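For reference, the chains in residue letters:
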2 protein chains.
Amino acid sequence: MKYEPDFCKIDDALTIIVGKWKPIILLHLLNHGTQRFSELRSQMPGITQKMLTKQLRELEEEDIVSRKVYPQVPPKVEYSITDYGRTLQPILEAMHEWGTKHHAHRLKKENTASHES
Amino acid sequence: MKYEPDFCKIDDALTIIVGKWKPIILLHLLNHGTQRFSELRSQMPGITQKMLTKQLRELEEEDIVSRKVYPQVPPKVEYSITDYGRTLQPILEAMHEWGTKHHAHRLKKENTASHES
DNA sequence: CTGTATCCCAGGTGATACTG
DNA sequence: CAGTATCACCTGGGATACAG
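Criteria and thresholds
Residues numbered from 1 in each chain as written. Chains lettered and ligands numbered in written order. Predicted model: local features only at pLDDT ≥ 70, side-chain atom pairs only at ≥ 80, totals over all residues. Heavy atoms only, no water. Helix = DSSP H or I, 4+ residues; strand = E, 2+ residues; numbered from the N terminus. Expected span 1.5 Å × (residues − 1). Contact = heavy atoms within 4.5 Å. Axes fitted to C-alpha atoms, helices over the stretch in contact; angles between N-to-C directions. Parallel < 35°, antiparallel > 145°, perpendicular 65-115°, else oblique. Nonpolar A, V, L, I, M, F, W, Y, C, P; charged D, E, K, R; others polar. UniProt positions renumbered as here; feature names shortened; annotations may be inferred. Left-handed = near helix turned anticlockwise from the far one by under 90°.

**Let's talk about helix α6 (residues 89-113) of chain B**
- Look at α6(B): 36 Å from first C-alpha to last across 25 residues, which is about the 36 Å you get at 1.5 Å a residue.
- On the buried face of α6(B), the contacting elements are α1 (9-17), α5 (83-86) and α6 (89-113) of chain A together with α1 (9-17) and α2 (22-32) of chain B.

**Things to note about the packing of α6(A) against α1(B)**
- Interhelical geometry of α6(A) versus α1(B) gives an angle of 85° and a closest axis separation of 7 Å. By the angle between their axes, α6(A) is roughly perpendicular relative to α1(B). On α1(B), the residues that touch A:L92, A:M95, A:H96, A:W98, A:G99, A:T100, A:H102 and A:H103 of α6(A) are B:K9, B:I10, B:D12, B:A13, B:L14, B:I16 and B:I17.
- Here the residues of the contact of α6(A) with α1(B) sort into eight nonpolar, five polar and two charged.

**Topic: the UniProt feature "domain: HTH hxlR-type" (unreviewed entry) in chain A**
- Under the UniProt annotation, the feature "domain: HTH hxlR-type" (unreviewed entry) is placed at residues 8-107 of chain A.
- Segment residues 8-107 of chain A splits into 63% helix and 14% strand. End C-alpha atoms: 32 Å apart.

**Brief notes about the packing of α6(A) against α6(B)**
- The geometry of α6(A) relative to α6(B) is characterised by a closest axis approach of 10 Å and an angle of 160° between their N-to-C directions. Considering their axes alone, α6(A) and α6(B) lie roughly antiparallel with respect to each other. Relative to α6(B), α6(A) is oriented so that their crossing is left-handed. For the pair formed by α6(A) and α6(B), the contact residues are A:I91, A:A94, A:M95 and A:W98 on the first element and B:I91, B:A94, B:M95 and B:W98 on the second.
- When grouped by side-chain class, the residues that make up the contact of α6(A) with α6(B) number eight nonpolar, no polar and no charged.

As C-alpha coordinates, this is what we get:
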(Lines give C-alpha, C1' and ligand atoms only; values in the text may rest on other atoms or scores of the structure.)
Protein backbone atom coordinates (compact mmCIF):
# COMPACT_ATOMS: atom_id res chain seq x y z
CA MET A 1 0.00 0.00 0.00
CA LYS A 2 1.32 3.37 -1.03
CA TYR A 3 1.14 6.08 1.60
CA GLU A 4 0.60 9.01 -0.67
CA PRO A 5 -2.65 10.75 -1.49
CA ASP A 6 -2.33 9.88 -5.17
CA PHE A 7 -2.30 6.18 -4.37
CA CYS A 8 -4.73 6.13 -1.48
CA LYS A 9 -7.89 4.34 -2.53
CA ILE A 10 -9.83 6.00 0.24
CA ASP A 11 -9.21 9.25 -1.57
CA ASP A 12 -10.56 7.70 -4.76
CA ALA A 13 -13.81 7.02 -2.96
CA LEU A 14 -13.82 10.40 -1.25
CA THR A 15 -13.49 12.37 -4.45
CA ILE A 16 -16.76 10.82 -5.57
CA ILE A 17 -18.85 11.80 -2.60
CA VAL A 18 -17.13 15.00 -1.55
CA GLY A 19 -18.86 18.11 -2.72
CA LYS A 20 -21.08 20.40 -0.75
CA TRP A 21 -24.28 18.96 -2.19
CA LYS A 22 -23.30 15.51 -3.39
CA PRO A 23 -24.29 13.49 -0.33
CA ILE A 24 -27.65 15.23 -0.25
CA ILE A 25 -28.22 14.65 -3.95
CA LEU A 26 -27.36 10.98 -3.52
CA LEU A 27 -29.72 10.61 -0.56
CA HIS A 28 -32.49 12.16 -2.58
CA LEU A 29 -32.00 9.86 -5.52
CA LEU A 30 -31.57 6.80 -3.31
CA ASN A 31 -34.65 7.50 -1.23
CA HIS A 32 -36.97 9.01 -3.78
CA GLY A 33 -35.86 7.41 -7.02
CA THR A 34 -35.75 9.21 -10.32
CA GLN A 35 -36.06 12.97 -10.04
CA ARG A 36 -36.33 15.85 -12.44
CA PHE A 37 -33.82 18.66 -12.27
CA SER A 38 -36.45 21.02 -10.92
CA GLU A 39 -37.58 18.49 -8.32
CA LEU A 40 -34.10 18.16 -6.93
CA ARG A 41 -33.70 21.89 -6.97
CA SER A 42 -36.91 22.61 -5.11
CA GLN A 43 -36.02 20.10 -2.42
CA MET A 44 -32.66 21.69 -1.83
CA PRO A 45 -33.22 25.27 -0.80
CA GLY A 46 -29.96 27.13 -1.02
CA ILE A 47 -28.40 25.37 -3.97
CA THR A 48 -27.94 27.34 -7.15
CA GLN A 49 -28.66 26.06 -10.63
CA LYS A 50 -25.00 26.20 -11.44
CA MET A 51 -24.03 24.09 -8.46
CA LEU A 52 -26.76 21.52 -8.95
CA THR A 53 -25.76 21.12 -12.56
CA LYS A 54 -22.11 20.86 -11.69
CA GLN A 55 -22.50 18.31 -8.93
CA LEU A 56 -24.80 16.19 -11.07
CA ARG A 57 -22.37 16.32 -13.97
CA GLU A 58 -19.53 15.15 -11.78
CA LEU A 59 -21.59 12.29 -10.42
CA GLU A 60 -22.65 11.40 -13.94
CA GLU A 61 -19.04 11.45 -15.07
CA GLU A 62 -18.27 8.75 -12.50
CA ASP A 63 -21.29 6.65 -13.51
CA ILE A 64 -22.93 7.21 -10.14
CA VAL A 65 -26.01 8.89 -11.56
CA SER A 66 -27.56 8.68 -15.01
CA ARG A 67 -29.06 11.55 -16.94
CA LYS A 68 -31.99 11.12 -19.28
CA VAL A 69 -32.95 13.98 -21.55
CA TYR A 70 -36.39 14.21 -23.11
CA PRO A 71 -36.02 16.17 -26.35
CA GLN A 72 -38.99 18.46 -25.97
CA VAL A 73 -39.90 22.05 -25.22
CA PRO A 74 -39.71 22.96 -22.45
CA PRO A 75 -36.86 20.58 -21.67
CA LYS A 76 -37.27 17.69 -19.27
CA VAL A 77 -34.30 15.95 -17.69
CA GLU A 78 -34.46 13.11 -15.23
CA TYR A 79 -31.71 11.95 -12.92
CA SER A 80 -31.44 8.61 -11.19
CA ILE A 81 -28.93 6.46 -9.36
CA THR A 82 -27.18 3.84 -11.44
CA ASP A 83 -26.77 0.28 -10.26
CA TYR A 84 -23.13 1.09 -9.86
CA GLY A 85 -23.92 4.16 -7.82
CA ARG A 86 -26.06 2.04 -5.56
CA THR A 87 -22.93 0.20 -4.43
CA LEU A 88 -22.11 3.38 -2.53
CA GLN A 89 -25.24 3.10 -0.43
CA PRO A 90 -23.77 1.01 2.40
CA ILE A 91 -20.94 3.48 2.79
CA LEU A 92 -23.28 6.44 2.79
CA GLU A 93 -25.50 4.81 5.37
CA ALA A 94 -22.53 3.92 7.55
CA MET A 95 -21.34 7.49 7.37
CA HIS A 96 -24.80 8.80 8.15
CA GLU A 97 -24.97 6.59 11.21
CA TRP A 98 -21.48 7.46 12.39
CA GLY A 99 -22.09 11.14 11.71
CA THR A 100 -25.23 11.10 13.79
CA LYS A 101 -23.39 9.61 16.75
CA HIS A 102 -20.50 11.98 16.28
CA HIS A 103 -22.85 14.92 16.34
CA ALA A 104 -24.01 13.85 19.80
CA HIS A 105 -20.42 13.21 20.80
CA ARG A 106 -19.49 16.78 20.01
CA LEU A 107 -22.44 18.21 21.88
CA LYS A 108 -21.48 16.31 24.99
CA LYS A 109 -17.92 17.52 24.67
CA GLU A 110 -19.04 21.13 24.35
CA ASN A 111 -21.12 20.85 27.49
CA THR A 112 -18.32 19.44 29.61
CA ALA A 113 -16.03 22.12 28.21
CA SER A 114 -18.42 24.82 29.41
CA HIS A 115 -16.78 24.61 32.84
CA GLU A 116 -13.96 26.83 31.74
CA SER A 117 -14.19 30.62 31.74
CA MET B 1 -34.16 14.17 7.66
CA LYS B 2 -33.10 17.65 6.65
CA TYR B 3 -31.86 18.06 3.11
CA GLU B 4 -29.33 20.77 3.68
CA PRO B 5 -25.58 20.42 4.10
CA ASP B 6 -25.72 21.85 7.61
CA PHE B 7 -28.02 19.08 8.75
CA CYS B 8 -26.61 16.22 6.72
CA LYS B 9 -24.93 13.75 9.04
CA ILE B 10 -22.90 12.35 6.20
CA ASP B 11 -21.22 15.72 6.02
CA ASP B 12 -20.47 15.50 9.73
CA ALA B 13 -18.58 12.31 9.09
CA LEU B 14 -16.92 13.65 5.97
CA THR B 15 -15.48 16.70 7.66
CA ILE B 16 -13.56 14.38 9.96
CA ILE B 17 -11.83 12.34 7.29
CA VAL B 18 -11.55 14.91 4.53
CA GLY B 19 -8.17 16.51 4.28
CA LYS B 20 -5.41 15.74 1.87
CA TRP B 21 -3.47 13.64 4.35
CA LYS B 22 -6.01 12.55 6.92
CA PRO B 23 -6.94 9.17 5.46
CA ILE B 24 -3.28 8.32 5.12
CA ILE B 25 -2.50 9.41 8.66
CA LEU B 26 -5.38 7.32 9.95
CA LEU B 27 -4.25 4.27 8.01
CA HIS B 28 -0.78 4.65 9.46
CA LEU B 29 -1.99 4.88 13.01
CA LEU B 30 -4.49 2.06 12.55
CA ASN B 31 -1.99 -0.29 10.96
CA HIS B 32 1.19 0.60 12.78
CA GLY B 33 -0.08 1.78 16.15
CA THR B 34 1.45 4.64 18.08
CA GLN B 35 3.82 6.77 16.04
CA ARG B 36 6.11 9.66 16.73
CA PHE B 37 5.73 12.86 14.76
CA SER B 38 8.96 12.21 12.89
CA GLU B 39 7.95 8.63 12.12
CA LEU B 40 4.72 9.75 10.50
CA ARG B 41 6.58 12.44 8.63
CA SER B 42 9.24 10.12 7.25
CA GLN B 43 6.61 7.68 6.02
CA MET B 44 4.74 10.38 4.16
CA PRO B 45 7.10 11.88 1.61
CA GLY B 46 5.60 15.06 0.32
CA ILE B 47 3.88 16.27 3.43
CA THR B 48 5.20 19.38 5.11
CA GLN B 49 5.60 19.86 8.84
CA LYS B 50 2.92 22.47 8.84
CA MET B 51 0.40 20.20 7.15
CA LEU B 52 1.18 17.18 9.30
CA THR B 53 0.78 19.29 12.42
CA LYS B 54 -2.45 20.81 11.18
CA GLN B 55 -4.09 17.57 10.14
CA LEU B 56 -3.11 15.91 13.41
CA ARG B 57 -4.45 18.83 15.42
CA GLU B 58 -7.77 18.63 13.62
CA LEU B 59 -8.03 14.90 14.21
CA GLU B 60 -7.10 15.44 17.84
CA GLU B 61 -9.75 18.13 18.17
CA GLU B 62 -12.36 15.55 17.16
CA ASP B 63 -11.00 12.93 19.57
CA ILE B 64 -9.94 10.69 16.70
CA VAL B 65 -6.27 10.69 17.62
CA SER B 66 -4.58 11.35 20.92
CA ARG B 67 -1.38 13.27 21.43
CA LYS B 68 1.11 12.46 24.14
CA VAL B 69 3.95 14.87 24.84
CA TYR B 70 7.08 13.78 26.64
CA PRO B 71 8.51 16.82 28.40
CA GLN B 72 12.12 16.38 27.45
CA VAL B 73 14.80 17.79 25.23
CA PRO B 74 14.70 17.15 22.39
CA PRO B 75 10.92 16.88 22.35
CA LYS B 76 9.12 13.63 21.79
CA VAL B 77 5.49 13.46 20.82
CA GLU B 78 3.52 10.33 20.13
CA TYR B 79 0.27 10.03 18.27
CA SER B 80 -2.19 7.17 18.38
CA ILE B 81 -5.74 6.34 17.44
CA THR B 82 -8.28 6.68 20.21
CA ASP B 83 -10.88 4.01 20.88
CA TYR B 84 -13.39 6.45 19.53
CA GLY B 85 -11.33 6.99 16.40
CA ARG B 86 -11.25 3.25 15.89
CA THR B 87 -15.00 3.32 15.28
CA LEU B 88 -14.14 4.93 11.96
CA GLN B 89 -12.16 1.90 10.85
CA PRO B 90 -15.05 -0.01 9.22
CA ILE B 91 -15.94 3.04 7.17
CA LEU B 92 -12.35 3.63 6.13
CA GLU B 93 -11.97 -0.01 5.13
CA ALA B 94 -15.22 0.07 3.18
CA MET B 95 -14.08 3.16 1.36
CA HIS B 96 -10.70 1.63 0.65
CA GLU B 97 -12.36 -1.42 -0.83
CA TRP B 98 -14.86 0.58 -2.87
CA GLY B 99 -12.14 2.96 -4.01
CA THR B 100 -10.00 0.10 -5.21
CA LYS B 101 -12.82 -1.28 -7.33
CA HIS B 102 -13.69 2.16 -8.60
CA HIS B 103 -10.13 2.70 -9.68
CA ALA B 104 -10.40 -0.35 -11.91
CA HIS B 105 -13.82 0.80 -13.08
CA ARG B 106 -12.37 4.05 -14.32
CA LEU B 107 -9.49 2.37 -16.10
CA LYS B 108 -11.90 0.15 -18.01
CA LYS B 109 -13.97 3.16 -18.94
CA GLU B 110 -10.95 5.03 -20.23
CA ASN B 111 -9.97 2.12 -22.42
CA THR B 112 -13.37 1.76 -24.03
CA ALA B 113 -13.41 5.52 -24.55
CA SER B 114 -10.15 5.30 -26.48
CA HIS B 115 -12.17 4.43 -29.59
CA GLU B 116 -12.88 8.06 -30.26
CA SER B 117 -10.51 10.40 -32.08
C1' DC C 1 -37.30 24.17 -17.81
C1' DT C 2 -32.58 23.28 -17.89
C1' DG C 3 -28.91 24.78 -18.42
C1' DT C 4 -23.96 28.32 -19.49
C1' DA C 5 -20.94 32.21 -18.74
C1' DT C 6 -18.73 35.51 -15.81
C1' DC C 7 -16.97 37.48 -11.85
C1' DC C 8 -15.71 37.02 -7.14
C1' DC C 9 -14.28 35.44 -2.54
C1' DA C 10 -12.80 32.24 1.29
C1' DG C 11 -10.38 28.45 2.63
C1' DG C 12 -7.24 24.58 2.00
C1' DT C 13 -2.71 23.67 0.74
C1' DG C 14 2.29 24.46 -0.23
C1' DA C 15 7.13 26.74 0.26
C1' DT C 16 10.00 28.62 3.23
C1' DA C 17 12.07 30.44 7.30
C1' DC C 18 12.28 30.73 12.23
C1' DT C 19 12.05 28.87 17.46
C1' DG C 20 12.26 26.43 22.18
C1' DC D 1 12.58 17.11 17.42
C1' DA D 2 8.40 19.21 16.96
C1' DG D 3 6.48 22.68 16.12
C1' DT D 4 4.90 28.39 14.47
C1' DA D 5 4.70 32.24 11.29
C1' DT D 6 4.31 34.26 6.89
C1' DC D 7 3.36 34.63 2.11
C1' DA D 8 1.28 32.98 -2.03
C1' DC D 9 -1.48 30.11 -4.99
C1' DC D 10 -5.34 27.51 -6.62
C1' DT D 11 -9.75 25.42 -6.53
C1' DG D 12 -14.56 24.94 -4.72
C1' DG D 13 -18.32 27.39 -4.25
C1' DG D 14 -21.70 31.52 -4.55
C1' DA D 15 -24.18 35.57 -7.04
C1' DT D 16 -25.84 36.98 -10.99
C1' DA D 17 -27.06 37.37 -15.71
C1' DC D 18 -27.98 35.27 -20.09
C1' DA D 19 -29.59 31.35 -23.58
C1' DG D 20 -32.01 27.50 -26.20
